[in-house]
Amino acid sequence: MKILHYVDAENLSWVVPYIEHIKSLESFDVSQALLCRSGGDIERLAKENDIQVLTWRPLISGIPLVSPSFVGVIKRFKPDIIHTRLSSAANIAGYWRKFHHVPVVSTLDKPAKSKYYAGASHCIACAEWLKDYMVNSQGMDANKVTVIHNPVNVSRFLRNEQKRVEFRKILGLSEDDILFSGMGIYIYRKGFDILIKAFAELQKIYDGNNIKLALIGAEGEPGMQENYLRLADKLGVKIIMPENFVSDVREWLWASDVFVMPSREEGFSIALLEAIASGLPVIVSDIRPCTEIIKEIEGSGFTAKTDSPESFAKSMLEMLNAGTEGRKNLATNSLRLISQKFTLESTALKTFEIYRYVIDSESIPRLS
C-alpha cells in the first residue's frame, strides 16, 4: 500500500506529533511520502525522520482547477491513498480525485465548511464533538466520518525528575513553589486573559505566597503578549514567559505542577494530552473538546466554566487544597489511562484500517 500524506503548508504548530503519526504507520506494510510546501519545519522534520518528501505549492489553494500540476505529483508517486490534513489540501486532492480516481482520506482537525471535503472518500474526525458538528451543522454524511482521537507520544513526555529540578532552578523556583502553567500561542481563543485574572483571584484567597504562573507560548496575534503583560501588571500578577518560541516544551511541563487550559475554543488539544503525559493534573474549560478528553481520562483533573476567572480560581484552589499527594494521584491515574487510550500505536492501527476500508470500498481503476 502506498500512502501520500498531503498538507498544504510549510509549518504547523503540531508538526512534531504529525510526523510521529506518519512514522508510526511504518509498522504496517506501507510505502509513504509526504507532500508539503517547501522550506519549512514540515519538510525539515520529515527528512530528519527519513520520510520521503515531495514539495509543491498550489497556484491558488481555494481553486483546485487552476493547479493541474497536482496531477503530475500523484502520477509520479502513484499512491493508493492520499491522506490530507487542512481543508485546502482536502479541497485540492478531493477535486482531482474525480478525474484520476485516487481515494482521498481527509483528517478534520477543526470545524470547516463541508464543501472543502466534498471530494473525500472518507473523513477522520479527531474528536466526537467535531464529527457531530460537521454532521449536524455542515450536513456531512455521518457514515463517511470516523472518529480517531489525536495521539501523544507518552514515552517522549514521561517526566524527567532531574531535568525538572534543573529547569526550575533556571526559572528561579524554589522546591516549595507550585507552578501553574498554561500553554499555546498567544491568541484570544486560548483564553490566557482568563487565566491571568483567575490567578489574581487565587492570590486573594490562597493563604501562601508560593504560587507561580507561567504562560508557555509565543506571539500569535500581534500585540497579544504585551496585552497579557499589561493586564498582569494591573492585577499584580507576575508571569513567567519564555523569551523565544519554545520548540520543545517538555522541560517547561516537567517544571510545572498543574496545567491549566482556559480555552474558549479548541479542536482536540494535543497540548492537553502532552501535559497529561508529562505527569500533570489539569484544569480545563468546560468546552466539549476538553471535557471529551477528561471524560476519557476520568480522574485526571477538574473543569471550570469557560470565560469565568472566578470558576478557574476556585478549581485552582481545589488543586492546591488537594496537596502534593492528591495532585500526584490525579497525575498517576491520568497517565495510566492516556497510555491506554491515546497512543501512537492505537491511532496508527485505526488509521490503517480506514485505508484498507476505503481501498476495498472503491473498486476503481488506479492511475496508470
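Along each chain, the written sequence defines residue order, and numbers are assigned to residues from 1. Only residues with pLDDT of at least 70 get local features here, since the model is predicted, and only at 80 or more are side-chain atom pairs given and counted; chain-wide, interface and lining totals rely on the full set of residues. Side-chain measures here rest on the full set of heavy atoms in the structure, leaving out hydrogens and waters.

Peer 1: Before we go on, may I ask you to explain the sheet that holds strand β13 (residues 301–304) in this structure?
Peer 2: Picture the strands of a sheet paired through backbone hydrogen bonds; they go either parallel or antiparallel. Two strands qualify as a pair provided that DSSP identifies no fewer than 2 bridges between them. Here a helix means four or more residues in a row that DSSP labels H or I, a strand means two or more in a row labelled E, and each is numbered from the N terminus. The sheet built from 6 strands is open, its strands ordered β10-β9-β8-β11-β12-β13 with parallel pairing. The outermost strands of the open sheet, each flanked by one partner alone, are β10 (239–240) and β13. Bridging between strand β8 (residues 178–183) and strand β9 (residues 211–216) involves 6 bridges; their strand directions are parallel. When the sheet's bridge partners are listed, Ile178 is paired in β9 with Ile211. Of the strands in this sheet, β8, β9, β10 and β11 (258–261) touch helix α8 (residues 192–205), which is tilted by about 175° from β9. Two residues qualify as a contact provided that any one of their heavy atoms is within 4.5 Å of a heavy atom in the partner residue. Where helices are involved, their axes are fitted lines through C-alpha atoms of the stretch in contact, as for all axes, and angles between N-to-C directions lie from 0 to 180°.

Peer 1: Which parts of the structure should I look at to understand the sheet that holds strand β7 (residues 145–147)?
Peer 2: Strands sit in the order β3-β2-β1-β4-β5-β6-β7 across an open sheet of 7 strands; the sheet is parallel. Strands with a single pairing partner mark the edges of an open sheet, and in this sheet they are β3 (52–55) and β7. Ignoring strand direction, the axes of neighbouring strands in this sheet form an average angle of 25°. Direction of pairing for strand β1 (residues 2–7) relative to strand β2 (residues 31–36): parallel, over a ladder of 5 bridges. When the bridges of β2 are listed, Leu4 appears paired with Ala33. Across the sheet, helix α5 (residues 128–136) touches β5 (104–108), β6 (122–125) and β7, and the angle it forms with β7 is around 160°.

Peer 1: Explanation requested: the nonpolar core in the structure shown.
Peer 2: If you look at the biggest cluster of nonpolar residues, it comprises 66 residues, and the most contacted ones within it are Tyr6, Phe70, Ile82, Leu253 and Phe259. Among the elements that make up this core, the one with the highest residue count is helix α11 (residues 270–277) (6 residues). Non-local contacts of Ile82, meaning those with residues more than four positions away in its chain, are made with Leu4, Tyr6, Phe70, Ile74, Ala93, Val102, Pro103, Val104 and Val105. Joining through side-chain atoms within 4.5 Å is the link that ties buried Ala, Val, Leu, Ile, Met, Phe, Trp, Tyr and Cys residues into a set, and such a set is a nonpolar core. Summary of the burial criterion: residues with accessible area below 20% of their type's maximum are buried, those above 50% are exposed, and those between are partly exposed, where the area comes from a 1.4 Å probe applied to protein chains only. Phe192, Leu195, Ala304 and Met319 belong to the second-largest nonpolar core, a separate cluster that totals 32 residues.

Peer 1: Hey, could you run me through the side chain of Glu266 in this one?
Peer 2: On the secondary structure map, Glu266 appears in the loop between β11 and α11. By relative accessible area, Glu266 is classed as buried at 10%. Of the polar contacts made by the side chain of Glu266, one reaches the side chain of Lys190; its length is 2.8 Å. Under this definition, polar contacts are N or O atom pairs within 3.5 Å; protein pairs additionally need one hydrogen-donor-capable and one acceptor-capable atom, and for neighbouring residues in sequence, both atoms have to be side-chain atoms. A polar side-chain atom of Glu266 sits 2.7 Å from a polar atom in the side chain of Ser263.

Peer 1: Which parts of the structure should I look at to understand unusual backbone geometry?
Peer 2: Peptide bonds are, in most cases, trans, and in most cases residues other than glycine have a negative phi. Even without being a glycine, Leu86 presents a positive backbone phi close to 80°. Assignment of secondary structure puts Leu86 in the loop between β4 (81–85) and α4 (87–100). Look at Asp307: it is not a glycine, yet its phi comes out positive at around 65°. Structurally, Asp307 can be placed in the loop between β13 and α13 (309–321). With a relative accessible area of 42%, Asp307 lands in the partly exposed category.

Peer 1: What is the right way to look at the pairing of β4 in this model?
Peer 2: One face of the sheet, then the other: side chains in a regular strand alternate in exactly this way. Counting buried residues along β4, 5 of its 5 residues qualify, which places the element largely inside the surrounding structure. Burial along β4 is two-sided: the face carrying Ile81, His83 and Arg85 and the face carrying Ile82 and Thr84 are both buried. When β1 meets β4, the two strands line up parallel, connected through 5 bridges. Looking across to β4, one finds that Val7 is bridged to Arg85.

These values are about where atoms sit, not about what they do.
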